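# Remarks on the overall topology
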Amino acid sequence: QVQLVESGGGLVQPGGSLRLSCAASGSIISINTMDWYRQAPGKERELVARITSGGSTVYADSMKGRFTISRDNAKNTVYLQMNSLKPEDTAIYYCHANIYSGGTMNYWGKGTQVTVSS
């Protein structure tokens with residue numbers, strides 16, 4: 001069984017920074033894309049950033065220049081460095097990964113709360 005576990009969320013003031021981590025564990029043969037999504041109250045879940053196994057990245061327009069996604073393939077871990085945080089970044093942040101463990105499936109973490117408030 002494959003699991004994704006996020007960490008690093010919390011309360012931060014506007015303009016501050018946070019670093020989220022997501023570790024994948026279980027019977028993993030390889031990981032293709034790893035993503036961060038977020039869902040704010042009353043809104044749909046949206047893609048924040050994506051990174052391929054080769055390191056190519058994609059960002060939502062509102063996150064470009066403020067957020068950086070990276071991954072450590074040896075640790076099956078993806079990170080999201082968030083800088084210049086704004087109150088509108090408040091949301092639950094979810095890790096998502098496309099993983100091959102005998103068959104290819106998409107997995108989600110349970111999410112970590114990020115609150116940006118003074």
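For the structure itself, consult the block above.
Report follows, based on the coordinates.

## A look at the overall build of the chain
Looking only at helices and strands, the chain features zero helices and 11 strands. Ordered by position in the sequence, the α and β elements of the chain form the string β-β-β-β-β-β-β-β-β-β-β. Principal axes of the C-alpha set define a box for the chain whose edges measure 45 × 25 × 25 Å. Every one of the 118 residues in the chain was classed for burial, and the buried ones make up 40%. When contacts within the chain are restricted to residue pairs at least 6 apart in sequence, those whose partners lie at least 24 apart make up 53%. When the accessible surface of the chain is summed, it comes to about 6200 Å², and 47% of that surface belongs to carbon and sulfur atoms. A distance of 3 Å separates the average location of the 11 positive side-chain charges in the chain from that of its 8 negative side-chain charges.

## Comments concerning the side chain of histidine 96
By the secondary structure assignment, histidine 96 is in strand 9 (residues 91–100). A polar side-chain atom of histidine 96 sits 2.7 Å from a polar atom in the side chain of aspartate 35. Sequence-distant contacts of histidine 96, defined by excluding residues within four places in its chain, comprise Leu4, Thr33, Met34, Asp35, Tyr37, Asn106, Tyr107 and Trp108.

## Let's talk about the pairing of strand 3 (residues 18–25)
As paired elements, strand 1 (residues 3–7) and strand 3 share five bridges and run antiparallel to each other. Residue pairing in the sheet places glutamate 6 in a bridge with cysteine 22 of strand 3.

## Here we look at the side chain of asparagine 98
Its location among the elements puts asparagine 98 in strand 9. A relative accessible area of 16% places asparagine 98 in the buried class. In this structure the side chain of asparagine 98 is engaged in a polar contact, spanning 2.9 Å, whose partner is the side chain of asparagine 106. Apart from the residues lying within four places of it in its own chain, the contact partners of asparagine 98 are Ile31, Asn32, Thr33, Thr104, Met105 and Asn106.

## Thoughts on the environment of glutamate 6
Structurally, glutamate 6 is set in strand 1. Along the sequence, glutamate 6 and threonine 77 sit 71 residues apart, while their C-alpha atoms lie 9.5 Å from each other. Among the polar contacts listed, one links the side chain of glutamate 6 to the backbone nitrogen of cysteine 95, at a separation of 2.8 Å. Reaching out from glutamate 6, the side chain makes a polar contact with the backbone nitrogen of lysine 110 at a distance of 3.1 Å.

## Notes on the pattern of salt bridges
Within the structure shown, the criterion is met by five salt bridges. The closest approach of N and O atoms between aspartate 61 and lysine 64, which form a salt bridge, is 3.2 Å. Of the two residues, aspartate 61 and lysine 64, both sit in the exposed class. What emerges from the salt-bridge pattern is a single network uniting Arg38, Glu46, Arg66 and Asp89.

Thresholds, definitions, all that
- Residues numbered from 1 in each chain as written.
- Predicted model: local features only at pLDDT ≥ 70, side-chain atom pairs only at ≥ 80, totals over all residues.
- Heavy atoms only, no water.
- Helix = DSSP H or I, 4+ residues; strand = E, 2+ residues; numbered from the N terminus.
- Buried < 20%, exposed > 50% of the residue type's maximum accessible area, 1.4 Å probe, protein only.
- Contact = heavy atoms within 4.5 Å.
- Areas by Shrake-Rupley, 256 points an atom, 1.4 Å probe, with all protein chains shown as cover.
- Lys, Arg positive; Asp, Glu negative; His and termini not counted.
- Charge placed at Lys NZ, Arg CZ, Asp CG, Glu CD.
- Polar contact = N/O pair within 3.5 Å; in protein donor to acceptor, adjacent residues only side chain to side chain.
- Pairing = 2+ DSSP bridges.
- Salt bridge = Lys/Arg side-chain N within 4 Å of Asp/Glu carboxyl O.

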